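Close look at the chain arrangement
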Amino acid sequence: MAEQQIQVAVLGGGSFGTALASIAADNGAQVRQWMRDEALVEQINRERRNSRYLPNYVINPAVQASTDLETVLHDAELVLIAIPSQAFRSVVQAAKPWLRPEQILVSTTKGIEQSGFLLMSQVLEQETGFTHIGVIAGPNLASEIADKQLTATVIASADALTRTRVQQALGCRYFRVYASNDRHGVELGGALKNIYAIAAGMAAALGMGENTRSMLMTRALAEMSRFAVAQGANPMTFLGLAGVGDLIVTCSSNLSRNYRVGHAIGEGRTLDEAVDALGQVAEGVNTVRLVCTKAAEIGVYMPLAEGLYHVLFDGVPPQDMAKTLMMGEQSSDVEFILPREDVQQAHRETGGWHD
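Bear in mind the structure is a predicted one, so any value in this text is a computation, not a measurement.

With that settled, the discussion passes to the UniProt feature "active site" (unreviewed entry) in the chain. The feature "active site" (unreviewed entry), as given by UniProt, occupies Lys-193 in the numbering adopted here. Its location among the elements puts Lys-193 in helix H8 (residues 183–205). For Lys-193, a relative accessible area of 5% puts it in the buried group. Here Lys-193 is in contact with Lys-110, Met-224, Asp-246, Leu-247 and Thr-250, once residues within four sequence places are set aside.

As structure tokens, then:
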């Protein structure tokens, strides 16, 4: 329960934004939620239901929905921004006239902006210049949160006030909020795991066994942390909820949108057919393209992501993705303990290295 009443604004009418709005209201906050869809606003205010994203979830009556940004942001101390990455900047720009430097801005979006390879918290910094900026990431399937199943998330920020206020506003008996000061690592973990959820969905559809899927997730974690460290993140972050925790749930659950896209492709659908059937944004599709381009630019070895890219965009059969996993170099398991370079050098010195 929040220690004091806090005014919370939620930007976005999707499943996670709706669940967080209701959690904050359950904790005693005054909550306003913004979305573009007037019919959905009317339904939430009248029926306490979001039929498009969480049809069976009863929304706390204290949540007031609106299509007017000024109304939603007025006097809000905490602003949760749950907008898909493609529209994130435009919504922030539209909100700017009613944002104030003392407000706490927190992104819940697990994606990357194509122009400049920017994470959503970096977009917030660019657009506002505010001090109190954070991100939420973790194993947070919205439908399970709506069912009040026990789960946890991470609030990451260099700003102690941001971390504390989010913990106070959202922490409750079924939703635990843990703190981190590695905003970049937590945010990258949330974005990168979407890539491997697509791969895991494909593997499941292709009938691959538990050993194979476990190997896929573990090597995915190695790729994620390798890439993130090259971008300035702390590798230890990936042992937490926003790293391995989020990776496990998105690579194991049919509730994950990215997993469902991968599963459909593994069953033989095209990428367009899989995305159309989903009917929602699967952030991982765009993230694969952006991350592979960035990895090539900075020289980070990411064979799984590259293999998935070829399946999604170059017409390579999904069955060939497994070959990427098995034919790559046999190098270090945990390279922050034993560097890949040391293994490569040992192979060369013993005559056993083959590029």
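Our next topic: unusual backbone geometry. A negative phi angle characterises most non-glycine residues, just as the trans form characterises most peptide bonds. The backbone phi angle of Asp-75 is positive, close to 65°, even though this residue is not glycine. Mapping Asp-75 onto the fold places it in the loop between helix H3 (69–73) and strand E4 (78–81). Its relative accessible area of 42% is what places Asp-75 among the partly exposed residues. With a phi angle near 60°, Lys-148 is a residue other than glycine that sits in the positive phi range. Positionally, Lys-148 belongs in the loop between helix H6 (142–146) and strand E9 (151–156).

Okay, the environment of Arg-52 next. Here Arg-52 shows up in the loop between helix H2 (38–47) and strand E3 (63–66). Residue Arg-52 is classed as exposed on the basis of its relative accessible area, which comes to 54%. Distance from Arg-52 to Gly-190, taken between C-alpha atoms, is 24 Å for residues 138 residues apart in sequence. In this structure the side chain of Arg-52 is engaged in a polar contact, spanning 3.5 Å, whose partner is the side chain of Tyr-53.

Neither face of E4 is exposed, since Leu-78 and Leu-80 on one face and Val-79 and Ile-81 on the opposite face are all buried. Sheet analysis places strand E1 (residues 7–11) next to E4, joined by four bridges and oriented parallel. Note on E4: the bridge partner recorded for Ala-9 is Val-79. Judged from the four bridges that link them, E4 and strand E5 (residues 104–107) form a sheet pairing that is parallel. Residue pairing in the sheet places Leu-78 in a bridge with Ile-104 of E5. Taking the sense of rotation as the criterion, the β-α-β connection linking E4, helix H4 (residues 85–95) and E5 turns out right-handed.

Before going further, it helps to spend a moment on the sheet that holds E4. Pairing within the open sheet is mixed, and its eight strands lie in the order E3-E2-E1-E4-E5-E8-E9-E10. Each end of this open sheet is capped by a strand with a single partner; those strands are E3 and strand E10 (175–180). The sheet shows a mean angle of 25° between the axes of neighbouring strands, direction not considered. Where E1 lies against strand E2 (residues 30–34), five bridges are found, and the strand directions are parallel. Within E2, the position partnered with Val-10 by the bridge is Gln-33.

The nonpolar side chains of soluble globular proteins are, as a tendency, buried together. In terms of nonpolar packing, the biggest core is built from 47 residues, with Tyr-196, Phe-227 and Leu-308 touching the most fellow members. At the level of secondary structure, the elements contributing two or more residues to this core comprise H8, helix H9 (210–230), helix H11 (257–266), helix H12 (271–278), helix H13 (283–298) and helix H14 (303–313). Sorting elements by how many residues they give to this core places H8 first, with ten residues. Residues Ile-6, Val-10, Ala-19 and Tyr-57 belong to the second largest nonpolar core, which totals 37 residues.

With that settled, consider the pattern of salt bridges. Tallied over the full model, the rule gives 13 salt bridges. Arg-213 serves as the salt-bridge partner of Glu-210, at 3.7 Å between the closest nitrogen and oxygen. Here Arg-213 and Glu-210 lie together in helix H9, a separation of three residues that amounts to about one turn. The structure contains a network of salt bridges with shared partners spanning Arg-89, Lys-96, Glu-113 and Glu-127.

The domains assigned to the chain are domain 1 (7–181) and domain 2 (185–337). For domain 1 versus domain 2, the distance between C-alpha centres works out to 26 Å. With 29 residues of domain 1 at the contact, the number on the domain 2 side is 26 residues. Carbon and sulfur atoms supply 68% of the area buried between domain 1 and domain 2, which totals about 2,100 Å² over both sides. A per-residue breakdown of the area domain 1 buries against domain 2 is headed by Lys-110, Phe-117 and Leu-141, which together make up 30% of the total. The interface formed by domain 1 and domain 2 includes one salt bridge. For the pair domain 1 and domain 2, the number of links is five residue pairs in polar contact (both at pLDDT 80 or more). The set of elements that each furnish at least two residues to the side of domain 1 that touches domain 2 consists of H4, strand E6 (112–113), helix H5 (120–128), strand E8 (133–137), H6, E9 and E10. In terms of residue count, E9 provides more of the side of domain 1 that touches domain 2 than any other element does, four residues in total.

Our focus in this paragraph is the side chain of Asp-159. You can see Asp-159 is positioned in the loop between E9 and helix H7 (160–170). For the buried Asp-159, no salt bridge is present, and the opposite-charge side chain at shortest range is Arg-163, 7.0 Å distant. Ignoring sequence-local partners within four residues, the contact set of Asp-159 consists of Thr-131 and His-132.

About the thresholds
Residues numbered from 1 in each chain as written. Predicted model: local features only at pLDDT ≥ 70, side-chain atom pairs only at ≥ 80, totals over all residues. Heavy atoms only, no water. UniProt positions renumbered as here; feature names shortened; annotations may be inferred. Helix = DSSP H or I, 4+ residues; strand = E, 2+ residues; numbered from the N terminus. Buried < 20%, exposed > 50% of the residue type's maximum accessible area, 1.4 Å probe, protein only. Contact = heavy atoms within 4.5 Å. Polar contact = N/O pair within 3.5 Å; in protein donor to acceptor, adjacent residues only side chain to side chain. Pairing = 2+ DSSP bridges. Right-handed = clockwise from strand over helix to strand, strands pointing away. Axes fitted to C-alpha atoms, helices over the stretch in contact; angles between N-to-C directions. Core = buried A, V, L, I, M, F, W, Y, C linked by side-chain atoms within 4.5 Å. Salt bridge = Lys/Arg side-chain N within 4 Å of Asp/Glu carboxyl O. Domains from an automatic or database assignment. Buried area = accessible area lost by both parts, 1.4 Å probe. Lys, Arg positive; Asp, Glu negative; His and termini not counted.

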